[in-house]
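# Structural features, examined
Chain by chain, the residues run as shown.
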Amino acid sequence: MTAHPPRLVIEDATIGYDQRTIAERLSLEIPDGSFTAIIGPNGCGKSTLLRALARVLTPSTGRVLLDGKAITQYGSKEVARRMGLLPQTSLAPDGIRVADLVARGRSPYQSLFQQWRSSDEQAVAEALEATRLTELSGRLVDELSGGQRQRVWVAMLLAQQTGIMLLDEPTTFLDIAHQYELLELLRTFHDEGKTLVAVLHDLDQAARYADHLVVMRDGSVVTSGPPAEVVTAELVQEVFGLPCIVAPDPVTGTPTVVPLDPRSVVR
């Protein structure tokens, strides 16, 4: 059987902002059906890579391929029907209700000649149910807690009904309980067959929920692969400068990082 090429690929790309280059000659394939977590120290280019994959940033050299074609060859709505993005910071319009914000996820399917349909209504209802927001659908987004608001944004992304979901630091600003609640929700989407790519800061959470890790440093991919193969004490020391041991999580068996007492480290 012939393997299908990955749906999302970045090839030999140079990306950055204005005159500042963040990454050069960056190449990466996102495994189809994976929950891929991009990890690395602050400022290493994680979010920049994700924005390039999402076509928010255009590489100055190289290209991003979506379904075998350069992503620049698609119209914006066509990209949004294939791939959705949850940015690092999202601001809801004042006075908007939960269901109305989630309904904005259907905008890629709307046009002057094709307005709101029963299929759009169903997609919103399913997204609200999947994120446990049905009972809050009439509430103002401004009235919700931080964890609830983040679920609304995820519901809007889910309502797009794309096979690929990109999430830029989705757990930032959430307390630890809501972080795990959101990651459990994302794992549910992955189990249903969606390809997820998320920028995460917490190594233990990344190893616990993702099945594919991409480790970055200084704008380059250091390594990638399954968490059990990627997360080692040597890698954590090399990439993060943190002396540690890596031990199995007592609940999941996934790698967990245990920092060493700096006073006990021989230098």
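Placed above this text is the structure.
Residues numbered from 1 in each chain as written. Predicted model: local features only at pLDDT ≥ 70, side-chain atom pairs only at ≥ 80, totals over all residues. Heavy atoms only, no water.

Further remarks concern the overall build of the protein. Broken down by element type, the protein carries nine helices and twelve strands. Rg of the C-alpha trace for the protein: 19 Å, near the compact-globule value of 18 Å for 267 residues, within the 12% margin. Considered along the principal axes of its C-alpha atoms, the protein spans approximately 65 × 45 × 40 Å. Looking at the protein as a whole, 46% of its 267 residues qualify as buried. In the protein, 63% of the contacts between residues at least 6 apart in sequence involve partners at least 24 apart. For the protein, the accessible surface area stands at approximately 13,500 Å², while carbon and sulfur atoms represent 50% of it. In the protein, 25 side chains carry a positive charge and 33 a negative one; their mean positions are 5 Å apart. (Helix = DSSP H or I, 4+ residues; strand = E, 2+ residues; numbered from the N terminus. Rg over C-alpha atoms; globule rule 2.2 N^0.38 Å. Buried < 20%, exposed > 50% of the residue type's maximum accessible area, 1.4 Å probe, protein only. Contact = heavy atoms within 4.5 Å. Areas by Shrake-Rupley, 256 points an atom, 1.4 Å probe, with all protein chains shown as cover. Lys, Arg positive; Asp, Glu negative; His and termini not counted. Charge placed at Lys NZ, Arg CZ, Asp CG, Glu CD.)

Counting 49 residues, the largest nonpolar core has V102, V152, L167, L186, F189 and L213 as the members making the most contacts within it. Among the elements that line this core, the one with the most residues is helix α5 (residues 146-159), at eight residues. When near neighbours in sequence (up to four residues on either side) are disregarded, L213 contacts A37, I39, A206, T223, S224, G225, P227, V230 and V231. I10, L53, L66 and V214 belong to the second largest nonpolar core, which has 27 residues in total. (Core = buried A, V, L, I, M, F, W, Y, C linked by side-chain atoms within 4.5 Å.)

This part takes up the state of the cysteines. Disulfides are covalent bonds that link the sulfur atoms of two cysteine residues. Using the criterion set out here, one finds zero disulfides in the structure. C44 carries a free sulfur, and the closest cysteine sulfur to it, the one in C244, is 17 Å from it. Residue classification places C44 among the buried residues on the basis of a relative accessible area of 3%. Its relative accessible area of 8% is what places C244 among the buried residues. (Disulfide = S-S within 2.5 Å.)

Now for the sheet that holds strand β3 (residues 35-39). The six strands are arranged β6-β7-β8-β3-β9-β10 in an open sheet whose pairing can be described as mixed. The two strands at the open ends of the sheet, each matched to only one other strand, are β6 (83-86) and β10 (220-225). Each adjacent strand pair in this sheet contributes to an overall mean axis angle of 15°, direction not counted. Lying over the sheet, α5 contacts β6 and β7 (164-168), oriented at roughly 165° with respect to β6. (Pairing = 2+ DSSP bridges. Axes fitted to C-alpha atoms, helices over the stretch in contact; angles between N-to-C directions.)

What follows concerns the environment of L174. Mapped onto the elements, L174 comes out in the loop between β7 and α6 (176-191). For the pair L174 and G147, spaced 27 residues apart in sequence, the C-alpha separation works out to 6.2 Å. Apart from the residues lying within four places of it in its own chain, the contact partners of L174 are G146, G147, Q150, Q179 and L182.

A few words now on the sheet that holds strand β4 (residues 61-66). Ordered in space as β2-β1-β4-β5, the four strands form an open sheet in which the pairing is antiparallel. Every other strand in the sheet has two partners, leaving β2 (20-30) and β5 (69-70) as the edge strands with one partner each. As defined by bridge partners, strand β1 (residues 8-17) adjoins β4 across five bridges and the pair is classed as antiparallel. By the bridge assignment, E11 is partnered in β4 with R63. Packed onto the sheet, helix α1 (residues 46-53) meets β1, β2 and β4 and runs at close to 120° relative to β1.

This part takes up the pattern of salt bridges. Any two side chains of opposite charge can pair, on the condition that their charged atoms come close. Summed over the entire model, instances satisfying the criterion amount to 15 salt bridges. In this structure, R132 engages E181 in a salt bridge whose closest nitrogen and oxygen atoms are separated by 3.5 Å. Taken as a pair, R132 in the loop between α4 (118-130) and α5 and E181 in helix α6 lie far apart in primary sequence, 49 residues in all. Taking relative accessible area as the criterion, R132 reaches 48% and is therefore assigned partly exposed. (Salt bridge = Lys/Arg side-chain N within 4 Å of Asp/Glu carboxyl O.)

What follows is about the side chain of S47. Structurally, S47 can be placed in helix α1. With a relative accessible area of 10%, S47 lands in the buried category. Engagement of the side chain of S47 in a polar contact is seen with the side chain of D168, the distance being 2.7 Å. Beyond its immediate chain neighbours, meaning those up to four positions away, S47 contacts Q88, D168, E169 and V199. (Polar contact = N/O pair within 3.5 Å; in protein donor to acceptor, adjacent residues only side chain to side chain.)

Moving on to the packing of α4 against α5. The contact between α4 and α5 brings their axes to 8 Å, and the two run at 140°. Judged on the interaxial angle alone, α5 and α4 are oblique. In this structure, the crossing between α4 and α5 has a hand that is right-handed. For the pair formed by α4 and α5, the contact residues are A123, A127 and A130 on the first element and A155, L158 and A159 on the second. Tallied by class, residues from the contact of α4 with α5 come to six nonpolar, no polar and no charged. (Parallel < 35°, antiparallel > 145°, perpendicular 65-115°, else oblique. Left-handed = near helix turned anticlockwise from the far one by under 90°. Nonpolar A, V, L, I, M, F, W, Y, C, P; charged D, E, K, R; others polar.)

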